[in-house]
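As a plain string of letters, each chain reads:
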Amino acid sequence: MSNPESVIKPIERDSLTLTESAFRLSWLLPRSLYKNKLSILMYHGVVRRPLSVPDYCFITEAQFREQMEYLAKYCRVAALPDAIQRLRSGSIDRPTVVITFDDGYQNVFDVAFPILREFHFPATVFVNTGFVGTSKTIWFCRLIQAIANTFMPTLEWQGLKFNLSTVNAKAIASRKLQCYLKKLEHCDLLEQLERIIEKLEVDRSLLDSSSDFRIMDRDAITAMTNSGLIHFGAHTASHSILTRVPLKAARDEIDESIGSISDWTGQACRLFAYPNGGSTDYDYKIIHILKDFGILAAATTIQGPNTAHTPMLELRRYGVHPGLTRMSFQCKVHHVLYRSNAEVS
């Protein structure tokens, strides 16, 4: 499905340790590796304070600001459409980064957008349009809320037992449950989620009440569009993994999301991000549907640099999460952890 020449392999950790100990990365990296390749960063939510139960998808305002300060000093930050043109024309001549956000949380507008505006950084937001203008949120956010609010010390589900006695234990349980649930067909996922919530004995009114998990409203989308800094893309209506639903349902999810983004922004929607975004979460049939709807670029969650040979409907991205250290962030931006097969062989 991907161009074999763009498959990425990790560098051995021993060599990374040597690099870290021998050089000041903030000086070396922008001047050395992969200056002609494109980095696309994948964010989700940006919160003012850490979540009561930490999750991969939510970093703090302080972390985000620190990362933007680094990009301002050492990188060109480009809008996704502009970066794609540079990639195709071979005109990327220095470290170039695209900032993206998945899901479309209100905190992207409330917390991240003022920082982006301060630095004059463009970004792309991929929105799960079915939640815009409602009090509902994405299934895994409801799971996080349920685990955060339960007083149950353990959870037994599908023959498995999860410790919930500490914040750290709850975070581990949340991560494992999300991994298990993502393997299910979407309708089965939602059914099992309800069973888990029932076992956790939480007040269901709490599950959609957290402002940290609320999807942005249309006023936010309008304001960000009018700023000229933000592009919007589709991310399906309900965040269903597209290979876990019937093909017609996948097409409807894509169609609804693209149509809503076009209506709300007054611009043709040409950008898309695959929910979950791994190599098994989309296939050639899904790519064909995107082409039918006029999508020009689609983002995966497969990590690595983008080159002129990277398929435009299978762009790679580096995920940014709360456990990412300053040095690890710099390594992602400059592709230190990855190199192409051609360079390895």
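Everything in this summary refers to the structure shown in the same document. Remember, it's a predicted structure, so these values are computed and weren't measured experimentally. (Residues numbered from 1 in each chain as written. Predicted model: local features only at pLDDT ≥ 70, side-chain atom pairs only at ≥ 80, totals over all residues. Heavy atoms only, no water.)

**So, the state of the cysteines**
Using the criterion set out here, one finds 0 disulfides in the structure. Just so you know, cysteine 57 is unpaired, no disulfide at all, and the nearest cysteine sulfur is the one on cysteine 141, 7.5 Å from it. (Disulfide = S-S within 2.5 Å.)

**A look at the side chain of threonine 129**
Structurally, the position occupied by threonine 129 is in the loop between β7 (123-127) and α6 (139-149). Those residues in contact with threonine 129 that sit more than four places away from it in its chain are Thr236, Ala237, Glu256, Ser257, Ser260, Ile261 and Trp264. (Helix = DSSP H or I, 4+ residues; strand = E, 2+ residues; numbered from the N terminus. Contact = heavy atoms within 4.5 Å.)

**Focus: empty space enclosed by the protein**
The tally for this structure, following the rule as stated, stands at 2 cavities of 30 Å³ or more. Of the volumes computed, that of the largest cavity is approximately 50 Å³. Trp139, Lys182, Leu184, His186, Leu189, His239, Ile241, Arg244 and Asn276 are the residues that line the largest cavity. When grouped by side-chain class, the residues that make up the lining of the largest cavity number 4 nonpolar, 3 polar and 2 charged. (1 Å grid on protein atoms, 1.4 Å probe; cavity = no way out; pocket = protein on both sides within 12 Å on 5 of 7 lines; lining within 4 Å. Points joined across faces, edges and corners; volume = space filled by probe spheres on them. Nonpolar A, V, L, I, M, F, W, Y, C, P; charged D, E, K, R; others polar.)

**Remarks on the layout of surface pockets**
Counted as a void, the largest pocket has a volume near 680 Å³. Within the residue set of the lining of the largest pocket, elements represented by two or more residues are β6 (96-103), α7 (167-182) and β13 (318-319). It is α7 that contributes the most residues to the lining of the largest pocket, 8 residues altogether. Each residue belonging to the lining of the largest pocket can be placed in one class, and the counts come to 10 nonpolar, 11 polar and 10 charged.

**Some points on the environment of glycine 228**
Following the sequence through the fold, glycine 228 ends up in the loop between α9 (218-226) and β10 (230-234). Spatially, the C-alpha atoms of glycine 228 and histidine 120 are 9.9 Å apart, while their sequence positions differ by 108 residues.

**Observations concerning the packing of α6 against helix α8 (residues 186-200)**
At a closest axis distance of 10 Å, the pairing of α6 and α8 adopts a crossing angle of 15°. Overall, the two elements α6 and α8 adopt an arrangement that is roughly parallel. Two packed elements cross with a definite hand, and for α6 against α8 that hand is left-handed. For the pair α6 and α8, the contacting residues are Trp139, Arg142, Leu143, Ala146 and Ile147 in the first and His186, Leu189, Leu190, Leu193, Glu194, Ile196, Ile197 and Leu200 in the second. Looking at side-chain class alone, the contact of α6 with α8 contains 10 nonpolar, 1 polar and 2 charged residues. (Axes fitted to C-alpha atoms, helices over the stretch in contact; angles between N-to-C directions. Parallel < 35°, antiparallel > 145°, perpendicular 65-115°, else oblique. Left-handed = near helix turned anticlockwise from the far one by under 90°.)

**Section: the pattern of salt bridges**
Between side chains of opposite charge, a pair can form as their charged atoms come close. Within this structure, the stated rule accounts for 12 salt bridges. Salt-bridge contacts for aspartate 93 lead to arginine 76; the nearest nitrogen and oxygen are separated by 3.1 Å. Taken as a pair, aspartate 93 in the loop between α4 (80-89) and β6 and arginine 76 in strand β5 (residues 76-77) lie far apart in primary sequence, 17 residues in all. According to the relative accessible area criterion, aspartate 93 is exposed, its value standing at 54%. Linking arginine 251 and aspartate 292 is a salt bridge whose minimum nitrogen-to-oxygen distance equals 3.6 Å. With arginine 251 in helix α10 (residues 247-265) and aspartate 292 in helix α11 (residues 284-292), this pair connects stretches of sequence that are 41 residues apart. By relative accessible area, aspartate 292 is classed as partly exposed at 44%. One network of salt bridges, in which partners are shared, links Arg142, Glu194 and Arg204. (Salt bridge = Lys/Arg side-chain N within 4 Å of Asp/Glu carboxyl O. Buried < 20%, exposed > 50% of the residue type's maximum accessible area, 1.4 Å probe, protein only.)

**Focus on the packing of aromatic side chains**
In total, this model carries 14 aromatic pairs according to the counting rule given. Taken together, a centroid distance of 6.3 Å and an interplanar angle of 85° make the contact between tyrosine 70 and phenylalanine 329 edge-to-face. Residue tyrosine 70 is located in helix α3 (residues 61-74), and its partner phenylalanine 329 is located in helix α12 (residues 326-333); the two are separated by 259 residues in the primary sequence. Like phenylalanine 329, tyrosine 70 is buried. An aromatic cluster is present here, built from Tyr43, Phe64 and Phe101 joined pairwise through their rings. (Phe/Tyr/Trp six-rings, centres within 6.5 Å; stacked < 30°, edge-to-face > 60°.)

**Observations regarding α4**
Buried residues of α4: Leu80, Ala83, Ile84 and Leu87, and no others. Projected down its long axis, α4 shows its buried positions confined to an angular sector of 100°, all on one face. On the buried face of α4, the contacting elements are β2 (38-43), β6, β7, β11 (271-273) and β12 (297-299). Residue glycine 90 follows α4 closely and has a positive phi angle near 70°. (Arc of directions from axis to C-beta.)

**Brief notes about the nonpolar core**
Formed by 86 residues in total, the largest nonpolar core has its most connected members in Tyr43, Phe64, Leu71, Ile99, Phe101 and Tyr274. Considering every element that reaches this core, the biggest residue donor is α6, with 7 residues. Every residue in contact with phenylalanine 101, bar those within four places of it in the chain, is listed here: Tyr43, His44, Val46, Phe64, Val108, Ala112, Leu116, Ala123, Thr124, Val125 and Phe126. (Core = buried A, V, L, I, M, F, W, Y, C linked by side-chain atoms within 4.5 Å.)

**A word on the packing of α3 against α12**
One way to put it is that α3 packs onto α12 with a least axis distance of 11 Å and a crossing angle of 45°. Between α3 and α12, the crossing angle belongs to the class labelled oblique. Read as a crossing pair, α3 and α12 show a hand that is right-handed. For the pair α3 and α12, the contacting residues are Glu66, Gln67, Tyr70 and Leu71 in the first and Arg326, Phe329, Gln330 and Val333 in the second. Grouping the constituent residues of the contact of α3 with α12 by class yields 4 nonpolar, 2 polar and 2 charged.

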